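Chain residues, written in single-letter form:
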Amino acid sequence: MKMNNIGIFGAGSIGLHLAAQLLLTGKNPTVICRTSKQADLLRQNGLSYTQLDGTEEKLIINAVTAQQCHLPLDYLFITVKQHHLADALPVLKELPVQANTCFIAFQNGLGHEEFLQQGFSQNPLFLAVTTEGAYREQLDRIRHTGNGTTWIGPSKSMKGEKWKESYPLVDLFTGSQLDVRLEDQIAERIWKKLIINSCINPLTGILRVKNGWLLESQYTLNVMESLFEEAAKVAEKEGIEIERRFLQEIVMVCRNTYHNKSSMLQDLEAGRSTEIDYINGAIKKIAEKHRINVPYHTMMIQLVQARQQMEKF
Ligand SMILES: NC(=O)C1=CN([C@@H]2O[C@H](COP(=O)(O)OP(=O)(O)OC[C@H]3O[C@@H](n4cnc5c(N)ncnc54)[C@H](OP(=O)(O)O)[C@@H]3O)[C@@H](O)[C@H]2O)C=CC1
Ligand SMILES: CC(C)(CO)C(=O)C(=O)O
């Protein structure tokens, strides 16, 4: 059987987690790093991978920079953050991407689909939504922090294609610990994850609290409810129906990730840019198109941006 060439662009938390899971099933993905420092470290030391039960594996890994990547790629997982994509595009263009290289984009929020579609209009593009949790502790050390489900479905541009037969994406992960499922309605999954992130991430970032704390105050619960109501109204205008009981799923996410710091809080604490423009910012932009007011989302955007500025002082 032909061994597929799998590239993973973005050697951060999710990228290295996917790489580790593929390595554990005997596949040999190539991780494409931003810096030669990280690529060298990974090649020399291997990837240290701490599993959920605390066991640690040392995995031999093929790590390169984009300039060092020469394999014709069959699959390319895009695991940079939304706000990295603009700078990454020229780098992606240098990769040995062929007309049939299949892209799978893992970003939270909205914007990546249109961006990648424009940049690589001939390539098959899939979108992934994951509730897996992973955290990169060092450049060559990754920790699996939460088990979840990963849904992968075709982007709008693949309408009508027989994608299930042509791209056996679930098979790539057979034997791994990941629960990967094909999803016909990926837009709905993306919106649901977007709404979850828009209700939890900015509040945890502004208040500097872990996810579970949001359930401990009636004030934060009130704000989450208002964020939810605004977002659900906008989703409906885009043809995505979000029932009121979905609010309980957001509460469940806070409960299940009680002791976790959201990705936005982590970015703020590390003085990095956040994905706010692609989460609450995306909701606001679509709301404007439909002439809907979203004062709670607008406030979250401004306060997160203020915190981003403060952290950089
Ligand atoms: N972490 C998680 O548990 C989850 C994350 N997600 C989503 O997945 C996406 C990725 O998140 P996460 O893995 O946490 O993010 P990280 O910040 O951990 O990783 C992003 C990676 O992209 C790399 N990168 C940035 N620009 C370039 C470039 N031009 N060329 C090559 N590499 C580049 C960064 O390199 P460098 O480190 O050198 O700057 C970094 O390794 C986000 O959209 C996030 O919302 C979704 C669900 C869960
Ligand atoms: C679901 C949640 C809020 C878990 O922390 C997340 O996806 C994030 O932090 O970005």
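Note that the coordinates shown come from a computational prediction; the quantities given were computed from them, not determined experimentally. (Residues numbered from 1 in each chain as written. Chains lettered and ligands numbered in written order. Predicted model: local features only at pLDDT ≥ 70, side-chain atom pairs only at ≥ 80, totals over all residues.)

A. Expanded view of the site of ligand 2. Around ligand 2, the neighbouring residues are Asn 108, Ile 196, Asn 197, Ile 200, Asn 201, Asn 211, Val 253, Thr 257, Asn 260, Ser 262 and Ser 263. It is helix H7 (residues 186-207) that provides the largest number of residues to the shell around ligand 2, a total of 4 residues. For the shell around ligand 2, the class distribution of residues is 3 nonpolar, 8 polar and no charged. (Near = placed C-beta within 6 Å. Helix = DSSP H or I, 4+ residues; strand = E, 2+ residues; numbered from the N terminus. Nonpolar A, V, L, I, M, F, W, Y, C, P; charged D, E, K, R; others polar.)

B. Region of the structure containing the site of ligand 1. Close contacts around ligand 1 come from 28 residues, with Gly 10, Gly 12, Ile 14, Arg 34 and Asn 108 the closest. Where the shell around ligand 1 is concerned, the elements lending two or more residues are helix H1 (13-24), helix H3 (85-94) and strand E9 (133-138). Tallied by class, residues from the shell around ligand 1 come to 8 nonpolar, 14 polar and 6 charged.

C. Region of interest: the UniProt feature "domain: Ketopantoate reductase N-terminal" (unreviewed entry) in the chain. Feature annotation in UniProt assigns "domain: Ketopantoate reductase N-terminal" (unreviewed entry) to the following positions: residues 6-155. Across residues 6-155, the secondary structure splits into 27% helix and 39% strand, with the terminal C-alpha atoms separated by 20 Å. (UniProt positions renumbered as here; feature names shortened; annotations may be inferred.)

D. Looking closely at the environment of Ile 190. The topology assignment puts Ile 190 in helix H7. Using a count of 23 C-beta atoms within 10 Å as the deciding quantity, one classes Ile 190 as buried. Taking the C-alpha atoms as reference points, Ile 190 and Trp 151, separated by 39 residues in sequence, lie 9.5 Å from one another. Residues in contact with Ile 190, not counting those within four places in the same chain, are Leu 110, Leu 127 and Val 129. (Buried ≥ 20, exposed ≤ 12 C-beta atoms within 10 Å, placed from the backbone. Contact = placed C-beta atoms within 7 Å.)

E. Structural view of the pairing of strand E8 (residues 125-130). With 6 of its 6 residues buried, E8 lies for the most part within the structure. Burial of E8 is two-sided: the residues Leu 125, Leu 127 and Val 129 facing one way and the residues Phe 126, Ala 128 and Thr 130 facing the other way are all buried. Pairing between strand E7 (residues 97-105) and E8: 3 bridges, direction parallel. Paired with Ile 104 across the bridge in E8 is Phe 126. (Pairing = 2+ DSSP bridges.)

F. Local environment of the domain arrangement of the chain. Parsing the chain into structural domains produces domain 1 (6-184) and domain 2 (188-312). A separation of 25 Å is found between the C-alpha centroids of domain 1 and domain 2. Contacts between domain 1 and domain 2 engage 14 residues on the former and 13 residues on the latter. Listed by contribution, the elements that provide at least two residues to the side of domain 1 that touches domain 2 are E8 and strand E10 (141-146). Among the residues forming the side of domain 1 that touches domain 2, the class breakdown is 4 nonpolar, 8 polar and 2 charged. (Domains from an automatic or database assignment.)

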